[in-house]
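Letter by letter, the chains look like this.
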Amino acid sequence: MNESLFCAIAYNVHDSSVSFAVGNHVVLVLEAERIFRIKKKGFNSQKEMEYLIQYGLSYLNMNVDDVTYWTMTTLQNPLLRKEDVFNLETGLPRDPYWKKIKILGKKRNVFIINHHLAHAATYLMSDFKDAVIVTCDGGGDYNELNKKGECVGAYIGRENQITRMDIDMGGMINGKFYGACSYFLYNEVHCEGKMMALAAYGTPKTKIINKLESVMFELGEAFYQDSIEILKNLFPNIKGGKVSVYDKDIVDFSASVQKLFSDHRIKDVARVLKNAGVKNGNLVMAGGACLNLDVNAEILKSFPNMNHFIASCCDDTGQSLGAICILISEVLKMRPSVSLPYLGTGEKQFTYSTDSVDRAMDILLKNGVVILHNGQAEIGPRALGNRSLIARPDKLEVKQKLSEKIKQRESYRPVAPIVLEEKVHEYFIGPDTSPFMLYKYEVIKSKREKIKGGVHFDGSSRVQTVNRKTNPFLYDLIKKFGDKTGIYVLLNTSLNLKGDPIANTIEDTLDIYGKIEEPKVLIYNGNIQ
């Protein structure tokens, strides 16, 4: 092998991953949940970490001795000591450095990268030459000296280098506040997306917002169990674990959390941009908080002179990818080549015939489900057309079958519409493009009836735009459906059943196929199965 092989590891207690690059080309990202088949999977041991590394090497037909350069992120990494993570004098996370760590039986020279810097590396996945970078997360490297975790960060990206800004991040809201509020409602972790959907049914109330704001920073630092007690005292009428769209206290609480979070995020971004002296330019956002598409849309509207980029794996699923991008820049002194979002396992290229598109179209017209398992899997928490369940948008009963019967999701949760990029403004008000399904759009009123399966309670949609270059099969299917019905929109939800991660192998998909009633069709690498 002439070019260097790079390997990056994100240990984490959730959303662990491993990434590989050959030269400056990222070739594979493995999310632990897809391989171990446990949602939000984090490594429980070094053995599991090494298993995923070997899985990737085997997939690439390489072995551990082929790896030239290694990197690893810091978050909740038991292979690192606290002084390996933080500068004990400044209290800040350490800048990247090399450290010897035993991996697969041998001491390896590993480039250590702190959590929020790995998020900030999203800049290197963008087309921007320079950018202001803002990160916001539900967690980060925890400093035992001051008993605080770094949950927000601000950086400048310039000429492929990322530099931490000299700015006091105190007073900024973080994703842990939002996570604490969702934990209070659902009595479960990782329910932020559910609460975001629930917010559409409520109305922000000043009284609720004032109460939340009084404990905002406390919730941003407290353990979730402690946050429940704080919120119980403030909102005794809300009973956690019993969520209903008909409970006005709950939906107004959700709407108020969303409003408060959005307003503070806008203020925080404005503060960072002012500190950077930037009014026109490029803004990169990263961290789990960037899965909040309502906030993303409001930030986009608030700073119309800023170009915007968020990666499909903006949450911790992108940690090892961010680390490998920084390593490539450090070692090769060049920008990494990252073809988002399709970097998982699967065929890099595949062909298909019009017969496959026609068959899929026929199933859609019969109110059925098209099961897509094409090419390389998308990375990040959202299915973007290669591991997807597809349905028509104009019949509410089809949406209900797809979301509530097949996937057993709550009835108040929306299903995303996918639209041809060039026709997005015929149906929606919002950005010109949304390839990773990360922005809230308003649905044009005259079009709502035609795509009602993809319209949320408040008249909004979580839109994915598709062009022929990035996903030709999906593009041709939407166009064919549009040419037939006059509707250039379909519904897209992830290829998984309740409680399971997105399908990874064809065996995973066949298991799902067997549990879906007719009419249905499975398209595997462009072919009818």
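Above this text is the structure in question.
The present account deals with the structure reproduced in this document.

### Quick look at the overall build of the chain
Step number 1: Regarding its fold elements, the chain presents 17 helices and 23 strands.
Step number 2: Whereas a compact globule of 529 residues would reach a radius of gyration of roughly 24 Å, the chain reaches 22 Å, a difference of no more than 12%.
Step number 3: Each principal axis of the C-alpha atoms in the chain carries an extent, and together these give about 65 × 65 × 45 Å.
Step number 4: Counting only residues that meet the buried cut, the chain has 58% of its 529 residues in that class.
Step number 5: Considering only contacts in the chain between residues 6 or more positions apart, those separated by 24 or more positions represent 70%.
Step number 6: Summed over its atoms, the accessible surface of the chain is roughly 21800 Å², and 47% of this surface lies on carbon and sulfur atoms.

### Here we look at the packing of helix α7 (residues 206-214) against helix α10 (residues 248-276)
Helices that pack against each other are described as a pair by the angle of their axes relative to one another and the distance between those axes.
Step number 1: Two elements in contact, α7 and α10, have axes separated by 9 Å at closest approach and are oriented at 60 degrees. Judged by the inter-axis angle, α7 sits oblique to α10. Relative to α10, the crossing made by α7 is right-handed. Within the contact between the two elements, α7 uses I208, I209, L212 and E213 and α10 uses D252, F253, S256, V257, K259, L260 and H264.

### Some points on the sheet that holds strand β11 (residues 161-164)
Step number 1: If you walk across this open sheet you meet the five strands as β11-β10-β7-β12-β13, and the pairing is mixed. Unpaired on one side and paired on the other, β11 and β13 (306-309) mark the two borders of the sheet. Strand-to-strand twist in this sheet, taken as the mean axis angle between neighbours without regard to direction, amounts to 25 degrees.
Step number 2: Pairing of strand β12 (residues 281-286) with β13, which is carried by four bridges, proceeds in the parallel orientation.

### Quick look at the nonpolar core
Step number 1: Membership of the largest hydrophobic core comes to 129 residues, with the highest contact counts inside it found for F177, L212, F253, L321, L340 and F428.
Step number 2: In terms of residue count, α10 provides more of this core than any other element does, ten residues in total.
Step number 3: If near-sequence neighbours (up to four positions away) are discounted, F428 is found in contact with P417, V419, Y441, E442, V443, I444, I451, S461, V463 and V489.
Step number 4: I35, M49, L52 and Y97 belong to the second-largest nonpolar core, a separate cluster that totals 29 residues.

### Quick look at the environment of Y155
Step number 1: With respect to the helices, strands and loops of the structure, Y155 is situated in strand β10 (residues 152-158).
Step number 2: You can call Y155 buried: its relative accessible area is 1%.
Step number 3: Y155 sits 23 residues away from V132 along the chain, and the two C-alpha atoms are 6.1 Å apart.
Step number 4: Those residues in contact with Y155 that lie beyond four places of it in its chain are N114, H116, L117, A120, A131, V132, I133, T135, I162, T163, R164 and M165.

### Points about the pattern of salt bridges
Step number 1: If you walk through the whole model with that rule in mind, you get 29 salt bridges.
Step number 2: Each of R81, E83, D84 and K99 takes part in one network of salt bridges that share partners.

### Focus on the sheet that holds strand β16 (residues 416-420)
Step number 1: Spatially, the seven strands line up as an open sheet ordered β20-β16-β21-β15-β14-β22-β23, and their pairing is mixed. The open sheet has two edge strands, β20 (464-466) and β23 (527-528), and neither has a second partner.
Step number 2: As paired strands, strand β14 (residues 369-373) and strand β15 (residues 387-391) are joined by four bridges and run antiparallel to one another. Its bridge partner being in β15, H373 is matched across the sheet by R387.

### So, the packing of aromatic side chains
Step number 1: Counted under the stated rule, the structure contains 15 aromatic pairs.
Step number 2: With a centroid separation of 6.4 Å and an interplanar angle of 45 degrees, the aromatic rings of F350 and Y352 are classed as tilted.
Step number 3: Residue classification places Y352 among the partly exposed positions, given a relative accessible area of 24%.
Step number 4: Members of the aromatic cluster, connected to one another through ring pairs, are F36, Y51 and Y55.
Step number 5: In this arrangement the basic side chain of R94 is found over the ring face of Y97, its NZ or CZ atom lying 3.7 Å from the centre.

### Some details on the state of the cysteines
Step number 1: Evaluation of the coordinates by the stated rule reveals zero disulfides.
Step number 2: Counting only cysteine sulfurs, C290 is the nearest neighbor of C314, a cysteine outside any disulfide, at a range of 5.3 Å.
Step number 3: Note on C314: relative accessible area 1%, which makes it buried.
Step number 4: Considering cysteine sulfurs only, C313 is the nearest to C325, which forms no disulfide, with 8.6 Å between them.
Step number 5: C325 gets classed as buried once you look at its relative accessible area, which sits at 0%.

### As for the side chain of S329
Step number 1: Locating S329 in the fold gives a position in helix α12 (residues 319-332).
Step number 2: Owing to a relative accessible area of 5%, S329 belongs among the buried residues under this scheme.
Step number 3: Look past the residues within four positions of S329 in its chain and what remains in contact with it is L124, N160, Q161 and M334.

### Considering the environment of F128
Step number 1: Structurally, F128 is set in the loop between α4 (115-120) and β7 (130-136).
Step number 2: For F128, a relative accessible area of 13% corresponds to the buried category.
Step number 3: Once the C-alpha coordinates of F128 and G482 are considered, the two residues, 354 residues apart in sequence, prove to be 34 Å apart.
Step number 4: Look past the residues within four positions of F128 in its chain and what remains in contact with it is Y123, N282, L283, V284, N307, H308, F309 and R335.

### Looking at the pairing of strand β21 (residues 489-494)
Step number 1: Judged by how many residues are buried, β21 sits mostly within the fold: six of six residues are covered.
Step number 2: Of the two faces of β21, the one holding V489, L491 and T493 and the one holding L490, N492 and S494 are both buried throughout.
Step number 3: Pairing analysis gives four bridges linking β15 to β21, with the strands arranged antiparallel. In the sheet register, I390 faces β21, and the bridge partner there is N492.

### Quick look at the packing of helix α13 (residues 354-365) against helix α16 (residues 472-485)
Step number 1: Contact geometry for α13 and α16: axes closest at 10 Å, N-to-C directions at 50 degrees. Between α13 and α16, the angle falls in the class oblique. Read as a crossing pair, α13 and α16 show a hand that is right-handed. Between α13, through S356, V357, D358, A360, M361, L364 and L365, and α16, the contact on the second element is made entirely by F473, D476, L477, K480, F481, K484 and T485.

Criteria and thresholds
Here the residue numbering is sequential within each chain, running from 1 through the sequence in written order. Since the coordinates come from a predicted model, pLDDT governs what is reported: local features require at least 70, and pairs of side-chain atoms require 80 or more to be given and counted, while whole-chain, interface and lining totals use all residues. To obtain the side-chain values, all non-hydrogen atoms of the structure were used and water was disregarded. Put simply, DSSP marks the helices as runs of H or I at least four residues long and the strands as runs of E at least two long, and each gets a number from the N terminus on. As defined in this context, the radius of gyration uses C-alpha atoms, and a globule is described by 2.2 Å times the residue total to the power 0.38. Exposure is judged per residue with a 1.4 Å probe applied to protein chains only, and the accessible area is read against the type maximum: over 50% gives exposed, under 20% gives buried, and values in between give partly exposed. The criterion used for residue contact is that any of the two residues' heavy atoms lie within 4.5 Å. Exposure was quantified through the Shrake-Rupley algorithm and a 1.4 Å probe, taking into account, for residues, occlusion by the shown protein chains and nothing else. Helix axes use the C-alpha atoms of the stretch in contact, all axes being lines fitted to C-alpha atoms, and the angles between their N-to-C directions lie in the range 0 to 180 degrees. Any angle from 65 to 115 degrees is called roughly perpendicular, while one under 35 is roughly parallel, one over 145 is roughly antiparallel, and all others are oblique. The sense of a crossing depends on the near helix, which, turned anticlockwise from the far helix by less than a right angle, makes the crossing left-handed and, turned clockwise, makes it right-handed. Whether two strands pair depends on DSSP finding at least two bridges between them. Each nonpolar core is a collection of buried residues, namely Ala, Val, Leu, Ile, Met, Phe, Trp, Tyr and Cys, held together in the definition by side-chain atoms within 4.5 Å. The working definition used for a salt bridge is a side-chain nitrogen of Lys or Arg within 4 Å of a carboxyl oxygen of Asp or Glu. The aromatic pairing rule takes the rings of Phe, Tyr and Trp, using the six-membered ring of Trp, and pairs them if the centres are within 6.5 Å, calling planes under 30 degrees apart stacked, those over 60 edge-to-face and the rest tilted. Here, a charge over a ring is recorded when the distance from Lys NZ or Arg CZ to the ring centre is within 6 Å and its angle to the ring normal is within 35 degrees. For this text, the term disulfide refers to a pair of cysteine sulfurs within 2.5 Å.

Any functional reading would require information that these geometric values do not contain.
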